Amino acid sequence: MIVIDNAAIATVDADGTEYRSGHVVVDGEHIVAVGEGPAPTTDGRRVDGSGCLVTPGLVNTHHHLYQWATRGLAADSTLFEWLVELYPVWGGLDAEITHAAATAGLARLALTGCTTVADHHYVFPRDGGDQVEALVSAVTRIGVRGHLVRGSMDRGESDGGLPPDHLVEDIESALRGTEHAIDTYHDPSPNARIRIAAGPCSPFTVTERLMKEAAELARRKGVRLHTHLAETLDEERQCLAEVGCTPAEYADSLGWLGDDVWLAHTVHLAPGAIRRLGETGTGSAHCPTSNGRLGTGIAPARELLEAGAPVGLGVDGAASNESGGLGEELHQALLQARQRGGPQALTVRQALWMGTMGGARCLGRQDELGSLEPGKLADLAVWRLDGLRHAGITDPVAALVLGAVPDIELLLVGGETVVERGELRTADESAIATELRTASGRLR
Ligand SMILES: [Zn+2]
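All values reported here derive from a predicted model rather than from experimental measurement.

## Some details on the packing of aromatic side chains
For the structure on display, the rule yields 6 aromatic pairs. Taking the centre distance of 5.2 Å and the plane angle of 85° together, the rings of Y66 and W90 count as edge-to-face. One end of the pair, Y66, is in the loop between β6 (58–60) and α1 (79–90); the other, W90, is in helix α1, and 24 residues separate them in sequence. Grouped by ring-pair contacts, the aromatic residues Y66, W82, Y87, W90 and Y122 constitute a single cluster. Taking NZ or CZ as reference, R71 lies 4.0 Å from the ring centre of W68, over its face. Residue placement shows R150 over the ring face of F124; its charged tip is 3.6 Å from the ring centre.

Okay, structure coming up:
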């Protein structure tokens, strides 16, 4: 058992319950008690939470971990220019590089409060080895939960797509690879550490047939669906020219809206599309820093929440978000929503909700993750708020969302310690950095 007490607690439950000085008790993988005042037991390991805020662990809904090895390139480009510059570099990816990059990216996420990570991997060079295994082993090494999206691209330059032909798979290989990943790694149990989803990359890199057949495969296997959608105006223009409708209408026509789907970005949505995402329960992975880095626009996060759509936060790949930390996305989401809709557009508590329960809903894990309640999995972050960066801020949630990203006093995943006193406990940070430098060097 682990008993955390004397801490401020934001449970992010349906009532938004918070405690000024309370306790969380963890027994094995689960939370067994949360409340105000001293803990009802003195058994087990005690963690003094004085000066700290406990929240559910953050849920990252969109990433490309392999990109940790290709940061800092195409620094001042649009999305399409950035992709065209990076595709040839990604062509050199192999399992060893992907493992090193993913380990580094996951370490960074854990150190910024993240306990569950959705990774969208869509680059499978022919001689690149077992990319999915490389990701699974990185997730296991760092000790977070992984939702690995087996991505795919089957529309190369010669078919009017953006990627070079040698980087795309044929449709049969893409579907076979996706099915193999599901059969090998997908764990449907409530405390799963690894789940698999199906994820054709985007309308401008994937054929209509692959979009449809990937959705059929996912629904036959009972896994979720993920893709990029409505990220840029370039994408919208191309979609209008090719199929005569917007990306959201196109997705709808292909059976790609539903409560088993979450979409990365959804920046450019007409009012009718926002309503459709709400009606269908389609999730959005809002990636404010990446959208800012590429200047793509500001996603209508508040409007989506009002329409009833699940909205989670994502860092996106580190090649368009070199920091790769999830804690700071709470802050960025709030700033971007307010730039779009004024100071009441998103409250600090709504930002925290998106980073926790909103993300859990996008991944279909709202019954197990996303809030601190008895019976839920013990995935939580203890944020230290009594140092120079936050001292004197009386509202701990405002300190977390408006202030600098705090150090992590303790990060638990299923009751197991991943970060303690600001340091990764599951792997050696300097060894990870060395591996990453070598991997990144091999791609240049
Ligand atoms: Zn992305």
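## Considering the coordination of the zinc ion
Summarising the metal site, the zinc ion is bound by the protein donors H62 (NE2), H64 (NE2), H228 (NE2) and D316 (OD), whose distances to it range over 2.1 to 2.4 Å. Of note is the zinc ion, whose 4 donor atoms meet at the metal with angles of 88 to 177° in an arrangement that counts as irregular. Spacing between the donor residues of the zinc ion along the chain follows H-x1-H-x163-H-x87-D. Of the two residues, H228 is situated in strand β10 (residues 224–229) and D316 in the loop between β13 (311–313) and α11 (327–341); the sequence distance between them amounts to 88 residues. Here H228 matches D316 in class, with each residue buried.

## Comments concerning the layout of surface pockets
Here the idea is plain: a probe the size of a water molecule rolls over the atoms and shows the empty space left. Estimates place the volume of the largest pocket at around 310 Å³. Along its surface, the largest pocket is lined by 20 residues, and F124, G129, R150, E169 and G177 are the ones closest to its centre. Looking at which element gives the most residues to the lining of the largest pocket, the answer is helix α4 (residues 171–185), with 5 residues. Of the residues assigned to the lining of the largest pocket, the class counts are 7 nonpolar, 7 polar and 6 charged.

## Topic: the side chain of D13
Relative to the elements of secondary structure, D13 occurs in the loop between β1 (2–10) and β2 (18–27). Buried charge without a salt bridge: D13, with K376 as the nearest opposite-charge side chain at an N-O distance of 9.5 Å. Of note is the side chain of D13, whose polar atom sits 2.8 Å from the backbone nitrogen of G16. Once residues lying within four places of it in the same chain are set aside, the contact partners of D13 are S371 and E373.

## Thoughts on the pattern of salt bridges
Throughout the structure, instances matching the rule amount to 33 salt bridges. With a closest N to O distance of 2.6 Å, E18 and R349 form a salt bridge. Of this pair, E18 sits in strand β2 while R349 sits in helix α12 (residues 348–362), and the two are 331 residues apart along the sequence. Overall, R349 belongs to the partly exposed group, its relative accessible area being 34%. The salt bridge involving E242 is made with R155; its shortest N-O contact spans 2.9 Å. Taken together, the residues span a long stretch of sequence, with E242 in helix α6 (residues 233–243) and R155 in the loop between β8 (145–152) and α4 at a distance of 87 residues. When its relative accessible area of 45% is taken as the criterion, E242 is described as partly exposed. Via salt bridges that share partners, R45, E420, E423 and R425 belong to a single interconnected network.

## Quick word on empty space enclosed by the protein
Counting across every chain of the model gives 2 cavities of 30 Å³ or more. In this model, the largest cavity occupies a volume close to 150 Å³. Lining the largest cavity are 18 residues, and of these L79, W82, Y122, H228 and E231 sit closest to its centre. By residue number, the principal contributor to the lining of the largest cavity is α1, which donates 4 residues.

## Describing the confidence of the model for the protein chain
Across the protein chain, pLDDT averages 97, with 100% of residues at or above 70. The least confident element of the protein chain is α1, whose mean pLDDT is 93; the most confident is strand β5 (residues 52–56), at 99.

Calculation notes
- Residues numbered from 1 in each chain as written.
- Predicted model: local features only at pLDDT ≥ 70, side-chain atom pairs only at ≥ 80, totals over all residues.
- Heavy atoms only, no water.
- Phe/Tyr/Trp six-rings, centres within 6.5 Å; stacked < 30°, edge-to-face > 60°.
- Helix = DSSP H or I, 4+ residues; strand = E, 2+ residues; numbered from the N terminus.
- Lys NZ or Arg CZ within 6 Å of the ring centre and 35° of its normal.
- Donors = N, O, S within 2.8 Å, 3.2 Å for Na, K, Ca; no water.
- Tetrahedral: all angles 85-135°; square planar, octahedral: opposite > 155°, others 65-115°.
- Buried < 20%, exposed > 50% of the residue type's maximum accessible area, 1.4 Å probe, protein only.
- 1 Å grid on protein atoms, 1.4 Å probe; cavity = no way out; pocket = protein on both sides within 12 Å on 5 of 7 lines; lining within 4 Å.
- Points joined across faces, edges and corners; volume = space filled by probe spheres on them.
- Nonpolar A, V, L, I, M, F, W, Y, C, P; charged D, E, K, R; others polar.
- Lys, Arg positive; Asp, Glu negative; His and termini not counted.
- Salt bridge = Lys/Arg side-chain N within 4 Å of Asp/Glu carboxyl O.
- Polar contact = N/O pair within 3.5 Å; in protein donor to acceptor, adjacent residues only side chain to side chain.
- Contact = heavy atoms within 4.5 Å.
- pLDDT = per-residue confidence, 0-100.

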